[in-house]
Amino acid sequence: MSIRDYLKLYGYFVKNSIIAQMQYRTNFIMSMLTEVAFVFAKSLYIIVIYSAGLSINGLEPQQILMFIGSYTLVTGVMDAVYYPNIASIPDYIRTASLDIDLTKPVNSLFMSAFRRFDLGLGIPNVIAGMIMVVVSWTRSGAAVSLSNILGFIGFSILGCILAFPILMVPVTFSFWIIKSDALLSTIWAMWDFNNMPMTIYNRAIRTIGVFILPVFVITNLAPMYVFGILPPLYAAYAVIAVPIFLFISVVFWKFAIKKYSSASS
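Residues numbered from 1 in each chain as written. Predicted model: local features only at pLDDT ≥ 70, side-chain atom pairs only at ≥ 80, totals over all residues. Heavy atoms only, no water.

## Observations concerning the packing of aromatic side chains
Quick reminder of the rule: Pairs were defined over the aromatic rings of Phe, Tyr and Trp, the Trp ring being its six-membered one, requiring ring centres within 6.5 Å. Orientation was assigned from the angle between planes: stacked under 30 degrees, edge-to-face over 60, tilted for the rest. Under the scheme used here, helices are H or I runs from DSSP no shorter than 4 residues and strands are E runs no shorter than 2 residues, and both carry numbers assigned from the N terminus. Accessible area is worked out with a 1.4 Å probe on protein chains only. A residue is then buried under 20% of its type maximum, exposed over 50%, and partly exposed in between. Throughout this description, the term charge over a ring refers to an Arg CZ or Lys NZ atom that lies within 6 Å of the ring centre and within 35 degrees of the ring normal.
Per the stated rule, a full pass over the model turns up 22 aromatic pairs. Taking 5.8 Å as the distance between ring centres and 25° as the angle between the ring planes, the aromatic pair formed by Trp-176 and Phe-252 counts as stacked. Here Trp-176, found in the loop between α8 (146-172) and α9 (181-191), pairs with Phe-252, found in helix α13 (residues 232-259); they are 76 residues apart in sequence, far enough to count as distant. Given a relative accessible area of 41%, Trp-176 falls into the partly exposed group. Relative accessible area serves as the criterion here: at 17%, Phe-252 is assigned to the buried category. Members of the aromatic cluster, connected to one another through ring pairs, are Tyr-6, Tyr-10, Phe-13, Tyr-82, Phe-110, Phe-114 and Phe-164. Over the face of the ring belonging to Tyr-92 we find Arg-115, whose NZ or CZ atom lies 4.3 Å from the ring centre.

Laid out in structure tokens, this is it:
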């Protein structure tokens with residue numbers, strides 16, 4: 001299958017997922033309201049930062065807000081595109097539903113990782129994140145230039161793409177781990193490392209979080225670029241890290257598939 005065929009197939013996945021959600025509108029609305037509550041709860045520390053006038057390693061509250069907004073925005077993409085699938089993969093393996101995917105003329109990783117789309121989970125975070133970014137941009141006095149806008153969008157897109165292998169590699173261990181609850185909890189805890197600027201961590205943790213397990217690359221680089229504090233090395237590594245970690249996730253998945261023993265056999 002060509003890239004065009006996969007894009008067309010993903011369009012069908014999204015369409016079917018939205019149709020299914022609209023058939024049960026009460027569940028869709030409740031899902032959105034629940035996510036709004038989570039967003040509100042996570043936003044409480046923003047109020048604390050503003051009321052206390054807290055600065056972190058030279059970052060003012062107005063600037064910190066953009067980091068939180070970037071995290072919230074990318075989390076919305078993750079919740080809509082990745083989360084429904086990542087959370088389901090252990091069940092596919094445990095219940096042997098994966099067997100059906102292996103018989104289809106479509107890449108099994110694509111089928112497992114992109115067949116579901118949850119609009120209700122994504123909308124609240126995307127909207128809240130965009131509002132935070134705009135408010136921060138306005139109040140911090142950062143230049144509203146074409147370069148900054150394109151830089152923010154570009155690094156946000158890189159972060160969204162990089163989020164896939166960062167989430168996918170750990171969940172692939174489900175092929176060998178029966179109880180996956182702890183594994184999924186670890187993945188979400190790792191994701192939450194980004195809910196504040198990485199400057200709150202010491203140099204060793206920042207180095208690991210950028211170059212070894214690049215969770216900080218996902219949401220930190222876009223606001224750092226806007227504020228003119230992004231090291232060129234980080235920017236270059238972000239571009240390099242995306243294909244490297246995508247390759248790792250694909251190779252690891254293929255290795256796991258070769259070792260896969262159906263639960264139905």
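## Digging into the nonpolar core
We count it as follows: Definition of nonpolar core: a set of buried residues of the types Ala, Val, Leu, Ile, Met, Phe, Trp, Tyr and Cys, connected through side-chain atoms within 4.5 Å. We call two residues contacting when some pair of their heavy atoms lies within 4.5 Å.
Tyr-82, Leu-98, Phe-152, Met-168, Phe-175, Trp-191 and Trp-253 are the most contacted members of the largest nonpolar core, which has 77 residues in total. No other element matches helix α3 (residues 61-86), which puts 13 residues into this core. When neighbours within four sequence positions are excluded, Trp-253 is seen to be in contact with Ile-89, Leu-98, Ser-108, Leu-109, Ser-112, Met-168, Thr-172 and Phe-175.

## Considering the packing of α8 against α9
Short version of the rule: All axes here are fitted lines through C-alpha atoms, helices being fitted over the stretch that makes contact, and every angle between N-to-C directions spans 0 to 180 degrees. Should an angle fall under 35 degrees it is called roughly parallel, over 145 degrees roughly antiparallel, and 65 to 115 degrees roughly perpendicular, with every other angle called oblique. Crossing handedness is defined as follows: a turn of the near helix away from the far one that is anticlockwise and smaller than a right angle gives a left-handed crossing, while the clockwise case is right-handed. Ten residue types, Ala, Val, Leu, Ile, Met, Phe, Trp, Tyr, Cys and Pro, are classed as nonpolar, four, Asp, Glu, Lys and Arg, as charged, and the remainder, Gly among them, as polar.
Interaxial distance between α8 and α9 falls to 9 Å at its minimum, and their mutual angle equals 155°. Here α8 is positioned roughly antiparallel relative to α9, judged by the angle of their axes. The way α8 lies across α9 gives a crossing that is right-handed. Two secondary-structure elements touch here, α8 through Ala-163, Ile-166, Leu-167, Pro-170 and Val-171 and α9 through Leu-183, Leu-184, Ile-187, Trp-188, Met-190 and Trp-191. Partitioned by chemical class, the residues of the contact of α8 with α9 number 11 nonpolar, no polar and no charged.

## A closer look at a nonpolar patch on the surface
Rule in force here: Here the term patch refers to residues with relative accessible area over 30% and no salt bridge, with like charges joined within 9 Å and nonpolar side chains (Val, Leu, Ile, Met, Phe, Trp, Tyr) within 5 Å. Under the convention used here, a 1.4 Å probe and the Shrake-Rupley method define accessible areas, while residue burial counts only the protein chains that appear. By convention in these notes, a salt bridge is any Lys or Arg side-chain nitrogen within 4 Å of a carboxyl oxygen on Asp or Glu.
Taken together, the side chains of Val-239, Ile-240, Ile-244, Phe-247, Ile-248 and Val-251 present a nonpolar region at the surface, about 540 Å² in accessible area. Note that Phe-247 resides in helix α13.

## Description of the packing of α3 against α8
Packing of α3 against α8 brings their axes to within 10 Å, and their N-to-C directions diverge by 45°. Taken together, α3 and α8 sit at an angle that is classed as oblique. In terms of crossing hand, the pair formed by α3 and α8 is right-handed. Between α3, through Met-66, Ser-70, Leu-73, Val-74, Val-77, Met-78, Tyr-82 and Ile-86, and α8, the contact on the second element is made entirely by Phe-152, Cys-160, Ile-161, Ala-163, Phe-164, Leu-167, Met-168 and Val-171. Partitioning the contact of α3 with α8 into residue classes produces 15 nonpolar, 1 polar and no charged.

## Considering α13
The condition is simple: To estimate how far a helix should reach, multiply one less than its number of residues by 1.5 Å. Bend is the name given here to the angle between axes fitted to two runs of seven residues, the run ending at a residue and the run starting at it.
For α13, built from 28 residues, the straight-helix expectation of 40 Å at 1.5 Å per residue is met to within 8% by its first-to-last C-alpha distance of 41 Å. Taking the largest bend as the criterion, α13 deviates by roughly 30°, centred on Ala-241, and proline Pro-243 comes between one and four positions later. Among the residues making up α13, those that are buried are Tyr-234, Ala-235, Tyr-237, Ala-238, Ala-241, Val-242, Phe-245, Ser-249, Phe-252, Trp-253, Ala-256 and Ile-257.

## Some details on the pattern of salt bridges
As enumerated under the stated definition, the model contains 2 salt bridges in all. The closest approach of N and O atoms between Asp-101 and Arg-115, which form a salt bridge, is 2.1 Å. Residue Asp-101 is found in helix α5 (residues 98-102), and its partner Arg-115 is found in the loop between α6 (108-114) and α7 (119-140); the two are separated by 14 residues along the sequence. Residue Asp-101 is classed as buried on the basis of its relative accessible area, which comes to 2%.

## Observations regarding the environment of Met-190
Relative to the elements of secondary structure, Met-190 occurs in helix α9. Measuring from C-alpha to C-alpha, the distance between Met-190 and Val-210 comes to 13 Å, with 20 residues separating the pair along the chain. Those residues within four positions of Met-190 in sequence are excluded, and the remaining contacts are Ile-166, Pro-170, Leu-213 and Val-215.

## Concerning the side chain of Ser-17
Defined as follows: Think of a polar contact as two N or O atoms within 3.5 Å of one another; within protein, one of them needs to be a possible hydrogen donor and the other a possible acceptor, and neighboring residues in sequence only count if both atoms come from side chains.
With respect to the helices and strands, the residue Ser-17 is situated in helix α1 (residues 3-23). Within the structure, the side chain of Ser-17 is placed 2.9 Å from the backbone oxygen of Phe-13, a separation counted as a polar contact. With residues up to four places along the chain from it excluded, the contact list for Ser-17 reads Arg-115, Arg-116 and Phe-117.

## Section: α1
What counts is decided by this rule: Directions drawn from the helix axis to the C-beta atoms are what define this arc.
For α1, which comprises 21 residues, the first-to-last C-alpha distance of 30 Å matches the rise-based estimate of 30 Å (1.5 Å per residue) to within 8%. Listed as buried for α1 are Leu-9, Phe-13, Val-14, Ser-17 and Gln-21. Projected down its long axis, α1 shows its buried positions confined to an angular sector of 145°, all on one face. Pointing more than 90 degrees away from the buried face of α1 are the exposed residues Arg-4, Lys-8 and Gln-23.

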